[in-house]
Amino acid sequence: MTTATTRSAPTTRAWRNAVFVVFTLSGLDIATWLGRVPSVRDSLDASTFTMGLLVLGMSVGSIGGLTFAGHIVARLGARRGVLVASACLALGMVTAGVAVTLGWGFAAIWVCLIAFGFGNGLCDVSMNVAGATAERLGGRTIMPLFHAAFSVGTLAGAGIGSLAERFEVPVAVHFIVVGVLTSLAMIVAIRWFGDDRHVEPEATDTSPVALPVSRWAVWRQPSTLLIGVIVLGMALAEGSANDWLPLAMIDGHGLANDGGSAVLAVFLAAMTAGRIAGSPLIDRFGRVPVLRASAVVAVVGLGMLIFVPSVPIAIVGVVLWGLGASLGFPMGMSAAADDPRTAAAKVSAVATIGYVAFLAGPPIIGFAGEHVGLLNGLLIVFVFIIAAGLASGAARERTGAGAAATTPSGDAHKGGEPRLQSGADAERDATATADTDRS
């Protein structure tokens with residue numbers, strides 16, 4: 001007699017904690033590259049325009065990763081999506097570091113960043129799908145906390161990068177160590193991912209959605225586009241601060257360089273605090289009221305920065321801007337993944353719309369800033385935040401969404417820790433059902 005040994009399905013808590021690890025490591029990877037941009041520029045003796053073209057390579061890769069992520073995650077699952085992404089991230093980071101240190105030139109680094117960007121885009125969709133499924137089964141809002149973990153990872157990566165710059169650590173050494181270690185850690189973490197492809201929708205949901213859903217059909221759904229507007233507006237609110245806030249404080253409010261950088265740190269701290277504090281508010285009041293309130297807070301804060309010449313008031317405005325912008329992106333991801341049958345395709349589509357903000361936002365704001373001043377150029381962000389608030393109704397929770405699914409291993413509604421169905425579990429259930437039918 002042969003005994004088959006299978007790995008037991010992970011608990012919701014184990015899945016959730018593993019997703020926290022992946023989000024943190026993803027932020028660490030991205031900040032590792034950003035923290036060494038000065039060294040990259042020096043090695044290439046590049047102009048600002050050339051560095052903009054270099055960053056475009058990573059953006060092109062990210063859009064490619066996002067585009068194919070819906071297919072990959074729907075077919076292979078979020079676990080294997082992160083596995084493929086970790087390999088691309090390590091490959092891109094390690095080769096980029098070697099290219100910088102050995103002086104291989106602009107073209108070689110650009111190609112390496114395409115691979116790195118592809119891994120980043122694929123990882124973004126995969127970890128958001130996994131996080132949204134764990135959130136749905138856990139029965140409470142945790143997506144903002146996942147994105148807070150990402151912010152913590154970026155802060156850690158920026159700190160390590162700053163130390164590496166100070167002690168003149170070769171870029172190749174820095175990137176090889178971080179790239180290999182973070183990818184190995186991701187591979188270990190995803191052992192505790194469940195299989196999101198075998199999480200069934202609520203039993204009361206009888207809407208006629210075919211399986212598998214066409215990866216392009218979600219683009220024709222109005223809800224996808226409206227959620228995309230939410231994510232676009234809030235992503236622009238976040239990304240524009242990362243790109244332009246220090247210069248806006250320096251040029252518009254007369255701060256020194258170190259003061260402008262310090263204000264950006266204040267914004268990032270407010271973003272992180274908002275994501276940590278936001279989860280219970282969403283559970284209590286729902287996504288739509290919190291989104292609308294967030295948009296109002298962000299608009300008021302950005303208005304204070306743009307229109308009030310006082311530096312202390314501008315800094316208060318920056319705090320409000322960060323708090324208001326903190327929850328839009330994670331709530332948009334949760335809304336996109338509400339229906340497990342379309343989660344991978346819809347998260348991919350919404351994330352692609354959101355990444356337009358990171359791709360097109362900086363040059364558009366910079367172009368406007370050259371003509372009307374950088375503070376006035378941020379009025380573009382002002383308008384998009386208002387649009388996100390007006391579209392917030394599209395993020396309303398589906399009936400029954402958020403309730404933890406029950407499996408033979410546990411019942412969340414009876415106080416037990418639910419276990420998430422693995423592929424082997426699904427096959428055994430299908431076999432048992434077939435045997436019952438024959439009998």
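Residues numbered from 1 in each chain as written. Predicted model: local features only at pLDDT ≥ 70, side-chain atom pairs only at ≥ 80, totals over all residues. Heavy atoms only, no water.

Trainee: Quick question: what am I supposed to make of the environment of Asn-120 here?
Mentor: Checked against the element boundaries, Asn-120 lands in helix 5 (residues 106-138). Distance from Asn-120 to Gly-92, taken between C-alpha atoms, is 10.0 Å for residues 28 residues apart in sequence. Those residues within four positions of Asn-120 in sequence are excluded, and the remaining contacts are Ser-26, Ile-30, Ser-62, Leu-89 and Tyr-355. (Helix = DSSP H or I, 4+ residues; strand = E, 2+ residues; numbered from the N terminus. Contact = heavy atoms within 4.5 Å.)

Trainee: Where do I start with the nonpolar core in this structure?
Mentor: General note: in soluble globular proteins, nonpolar side chains tend to be found buried as a group. The biggest cluster of nonpolar side chains holds 104 residues, and the ones touching the most others in it are Phe-193, Leu-245, Leu-302, Leu-305, Trp-321 and Leu-378. Ranked by the residues each element gives to this core, the list is headed by helix 8 (residues 222-253), at 13 residues. Beyond its immediate stretch of four places on either side in the chain, Leu-302 contacts Gly-317, Trp-321, Leu-378, Val-381, Phe-382 and Ile-385. (Core = buried A, V, L, I, M, F, W, Y, C linked by side-chain atoms within 4.5 Å. Buried < 20%, exposed > 50% of the residue type's maximum accessible area, 1.4 Å probe, protein only.)

Trainee: Before we go on, may I ask you to explain unusual backbone geometry in this structure?
Mentor: A negative phi holds for most residues other than glycine; trans holds for most peptide bonds. Here Asp-45, not a glycine, exhibits a phi torsion of approximately 50°, which is positive. Along the polypeptide, Asp-45 turns up in the loop between helix 2 (37-44) and helix 3 (48-76). A positive phi angle, near 55°, is found at Glu-168, a position not held by glycine. Looking at the element boundaries, Glu-168 is found in the loop between helix 6 (143-166) and helix 7 (171-189). On the basis of relative accessibility, which here comes to 69%, the residue Glu-168 falls in the exposed class.

Trainee: It is not clear to me how the side chain of Ser-240 should be interpreted in this structure. Could you clarify?
Mentor: Within the secondary structure, Ser-240 sits in helix 8. What makes Ser-240 buried here is its relative accessible area of 3%.

Trainee: Before we go on, may I ask you to explain empty space enclosed by the protein in this structure?
Mentor: Left-over empty space is what a probe sized like a water molecule reveals as it rolls over the atoms. In total, this model carries two cavities of 30 Å³ or more according to the counting rule given. Lining the second largest cavity we find Trp-33, Met-93, Ala-96, Leu-113, Phe-116 and Phe-175. Secondary structure elements with two or more residues in the lining of the second largest cavity: helix 4 (78-101) and helix 5. Split by residue class, the lining of the second largest cavity holds six nonpolar, no polar and no charged. (1 Å grid on protein atoms, 1.4 Å probe; cavity = no way out; pocket = protein on both sides within 12 Å on 5 of 7 lines; lining within 4 Å. Points joined across faces, edges and corners; volume = space filled by probe spheres on them. Nonpolar A, V, L, I, M, F, W, Y, C, P; charged D, E, K, R; others polar.)

Trainee: What's the story with the confidence of the model for the protein in this structure? I'm lost.
Mentor: Close reading of the predicted structure is inappropriate where its pLDDT is low. Across the protein, the average pLDDT comes to 81, with 83% of residues at or above 70. This stretch, residues 1-7, has a pLDDT under 50; its non-local contacts, to residues over four places away or in other chains, come to five contacts. A low-confidence stretch, residues 400-439 stays under pLDDT 50, and its non-local contacts, those more than four residues away or across chains, total 58 contacts. (pLDDT = per-residue confidence, 0-100.)

Trainee: What exactly am I supposed to notice about the pattern of salt bridges here?
Mentor: Two side chains of opposite charge can pair, provided their charged atoms sit close to one another. Taken as a whole and assessed by the stated rule, the structure comprises three salt bridges. Between Arg-287 and Asp-338 there is a salt bridge; the shortest N-O distance is 2.9 Å. Within this pair, whereas Arg-287 is found in helix 10 (residues 287-307), its partner Asp-338 is found in the loop between helix 12 (328-336) and helix 13 (343-372), the two being separated by 51 residues in sequence. The class of Arg-287 is buried, set by a relative accessible area of 7%. Asp-338 sits in the buried class, given a relative accessible area of 7%. (Salt bridge = Lys/Arg side-chain N within 4 Å of Asp/Glu carboxyl O.)

Trainee: What am I meant to see in a nonpolar patch on the surface here?
Mentor: Among the surface-exposed residues, Leu-83, Ile-176, Val-180, Leu-184 and Ile-187 lie close enough to one another that they form a single nonpolar patch of about 380 Å² accessible area. If you tally residues by element for the nonpolar patch, the top one is helix 7, at four residues. (Patch = residues over 30% accessible without salt bridge, like charges linked within 9 Å, V, L, I, M, F, W, Y side chains within 5 Å. Areas by Shrake-Rupley, 256 points an atom, 1.4 Å probe, with all protein chains shown as cover.)

Trainee: Would you explain the packing of helix 1 (residues 12-35) against helix 7 in this entry?
Mentor: The geometry of a pair of packed helices is captured by two quantities: the angle between their axes and the separation between those axes. Here helix 1 crosses helix 7 at 165°, and the two axes come no closer than 9 Å. In terms of orientation, helix 1 and helix 7 fall into the roughly antiparallel class. Both helix 1 and helix 7 take part in a crossing whose hand is left-handed. For the pair formed by helix 1 and helix 7, the contact residues are Ala-18, Val-21, Val-22, Leu-25, Ser-26, Leu-28, Asp-29, Thr-32 and Trp-33 on the first element and His-174, Phe-175, Val-178, Thr-182, Ala-185, Met-186 and Ala-189 on the second. (Axes fitted to C-alpha atoms, helices over the stretch in contact; angles between N-to-C directions. Parallel < 35°, antiparallel > 145°, perpendicular 65-115°, else oblique. Left-handed = near helix turned anticlockwise from the far one by under 90°.)

Trainee: Looking at this model, I keep getting lost on the packing of aromatic side chains. Mind explaining?
Mentor: Two measures describe an aromatic ring pair: the distance that separates the ring centres and the angle between the ring planes. Per the stated rule, a full pass over the model turns up five aromatic pairs. Taking the centre distance of 5.5 Å and the plane angle of 15° together, the rings of Phe-23 and Phe-146 count as stacked. Taken together, the residues Phe-23 in helix 1 and Phe-146 in helix 6 connect sequence positions 123 residues apart. Residues Phe-23 and Phe-146 agree in their burial class; the two are buried. (Phe/Tyr/Trp six-rings, centres within 6.5 Å; stacked < 30°, edge-to-face > 60°.)

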